[in-house]
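Structural description and commentary
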Amino acid sequence: MVFEITGKVALISGGASGIGLRYAKELLRSGLKGVTLADVNNAFGQKALQEIEKEFGPKKAIYVQTDVTDMKSFENAFKKTIEAFQNLDILINNAGILNDATWEKEVAININGVIHGVLLGLENYIPKYKSSAEGVIVNISSIAGIKEFSIIPIYTATKFAVMGMSKAFGDEDHYNRTKVKVLALCPGVTDTPLITEIDGKNLGPPYQKLLEENLSKLPSQQNCVRSFRRSSV
Ligand SMILES: NC(=O)c1ccc[n+]([C@@H]2O[C@H](COP(=O)([O-])OP(=O)(O)OC[C@H]3O[C@@H](n4cnc5c(N)ncnc54)[C@H](O)[C@@H]3O)[C@@H](O)[C@H]2O)c1
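These remarks concern the structure in this document. All figures in this text were calculated on a predicted structure; none of them were measured in a lab.

**Considering the site of the ligand**
As a structural note, the neighbourhood of the ligand is formed by 28 residues, with S17, D39, Y155, T190 and T192 the closest of them. Between the ligand and D39 there is a distance of 2.6 Å, counted from an oxygen atom to a side-chain nitrogen or oxygen. Surface burial for the ligand is 93%, taken as the share of its 830 Å² of free accessible area covered by protein chains. Put simply, the parts of the chain that give the shell around the ligand at least two residues each are α1 (18-29), α5 (153-169) and α7 (193-196). The element best represented in the shell around the ligand is α7, accounting for three residues. Counted by class, the shell around the ligand contains 13 nonpolar, 12 polar and three charged residues.

Here it is, written out as C-alpha cells:
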C-alpha cells in the first residue's frame, strides 16, 4: 500500500533544526496538513516556526518544547498535536546527539527517547488518531547503525539499538495489531551541527585523534550537504 502524505499530520522529535526541520519542510512540500516540532531548544523552535510560516503559511506547524528523555514531556507533544491538528499519522523519532563524552545523555536521548516515542506512538496515539488506514513511525538510525565506527563507539551502540528495535517493532506481529509501520532510516554524514560541532565531543585524546584522521572518510550525504548549505537550515 502506498502511503499518501497529503492531508496527514506528523510529529518530529528534534524537528526544530538540522535534518528534522528538513523532514518537516519536505513533508509540507508533499502536502502534509500539519507538523509538530517537538524539540528541547526554544530558540530553534521559534526560528523554525517563522521559517515554516514564511514558506507554507500560518497554522501548518506548532512547536512544543519537549525533552524526549522524559516520557511525560514527550507525551505532552502528542497531546498538543491532537489539540492542534486532531490527528496523528506520522512520527519521526529524529532527536539525537553525537557526544560519546556525555554518553549517559547520548544513550538517554538516542535510545530511551526513541523507545518513549515508539511506545507512545505505536501503543496509543497513532492507532487512535490516524486519519486513514495506516500510520508510520520512522526511527532515525545512521550509517553507524549498520556498520560500526571505532571513532564513535557509544554513538554506534545507540544507533545499532535503534536498528534492532525498529526491526522488532517493525515485525508484522505489531503491524497486524496496530496498522502502524515501523521503519528505520540510516542517513550518511550530513552537514549539521551534530557533525560540524563534533570537535571535543569524544572520549578523550586517543579517540579525538582517530576522529580527526577518519571523519572525512565517512560516507557522506552529498545531496543533503549541498541543499543544507543552500538553505542554511
Ligand atoms: N548529521 C549527520 O551526519 C547524521 C548522520 C546520521 C544520522 N543522524 C541522526 O539524525 C538525527 C538528527 O541529527 P542532526 O544532524 O539533524 O542533528 P542536529 O544537532 O542538527 O539536530 C538535533 C535536534 O535534536 C534536538 N534535541 C537534542 N536533544 C533533544 C532532546 N532531549 N529532546 C528533544 N530534542 C532534542 C536538538 O535541539 C536539535 O534541534 C539524529 O538522530 C542523528 O543521530 C545524523
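From this point on, the discussion continues.
**Focus: helix α2 (residues 42-56)**
With 15 residues, α2 should reach 21 Å at 1.5 Å per residue; the first-to-last C-alpha distance of 21 Å fits that figure. The set of residues buried in α2 consists of G45, A48 and I52. Along the axis of α2, the buried positions cluster into a sector of 70 degrees, meaning they face one direction only. Exposed side chains of α2 directed beyond 90 degrees from the buried face belong to A43, Q50 and K54. Where α2 starts, the residue carrying a side-chain oxygen 3.1 Å from the main-chain nitrogen of A43 turns out to be N41. Just past α2, the residue G57 takes up positive phi, approximately 90 degrees.

**Comments concerning the pattern of salt bridges**
Opposite charge on two side chains permits them to pair, given that their charged atoms come into close proximity. With the rule as written, the count across this model stands at seven salt bridges. A salt bridge links E123 to R177; the shortest N-O distance between them is 2.6 Å. Linking E123 in helix α4 (residues 103-129) with R177 in helix α6 (residues 172-178), this pair joins segments that are 54 residues apart in sequence. Residue class for R177 comes out partly exposed when judged on its relative accessible area of 46%. Notably, a salt bridge pairs K209 with E213, separated by 3.1 Å at the nearest N-O pair.

**Observations concerning the sheet that holds strand β1 (residues 9-13)**
What the six strands build is an open sheet, ordered β3-β2-β1-β4-β5-β6; its pairing is parallel. Each edge of the open sheet is held by one strand with a lone partner, namely β3 (61-65) and β6 (180-185). Direction aside, neighbouring strands of the sheet carry axes that sit 15 degrees apart on average. Two strands pair when backbone bridges link them, and β1 and strand β2 (residues 34-39) are joined in this way by five bridges, in the parallel orientation. The residue bridging I12 from the neighbouring strand is L37, located in β2.

**A few points about unusual backbone geometry**
For residues other than glycine, phi is negative in most cases, and the peptide bonds are mostly trans. Located in the positive-phi region is K59, a residue other than glycine, with phi close to 65 degrees. The exposure class assigned to K59 is exposed, which follows from its relative accessible area of 76%. Of note, K179 is a non-glycine position whose phi angle comes to about 60 degrees, a positive value. The residue K179 is located in the loop between α6 and β6 in this model.

What counts and what doesn't
- Residues numbered from 1 in each chain as written.
- Predicted model: local features only at pLDDT ≥ 70, side-chain atom pairs only at ≥ 80, totals over all residues.
- Heavy atoms only, no water.
- Near = heavy atom within 4 Å.
- Polar contact = N/O pair within 3.5 Å; in protein donor to acceptor, adjacent residues only side chain to side chain.
- Areas by Shrake-Rupley, 256 points an atom, 1.4 Å probe, with all protein chains shown as cover.
- Helix = DSSP H or I, 4+ residues; strand = E, 2+ residues; numbered from the N terminus.
- Nonpolar A, V, L, I, M, F, W, Y, C, P; charged D, E, K, R; others polar.
- Expected span 1.5 Å × (residues − 1).
- Buried < 20%, exposed > 50% of the residue type's maximum accessible area, 1.4 Å probe, protein only.
- Arc of directions from axis to C-beta.
- Salt bridge = Lys/Arg side-chain N within 4 Å of Asp/Glu carboxyl O.
- Pairing = 2+ DSSP bridges.
- Axes fitted to C-alpha atoms, helices over the stretch in contact; angles between N-to-C directions.

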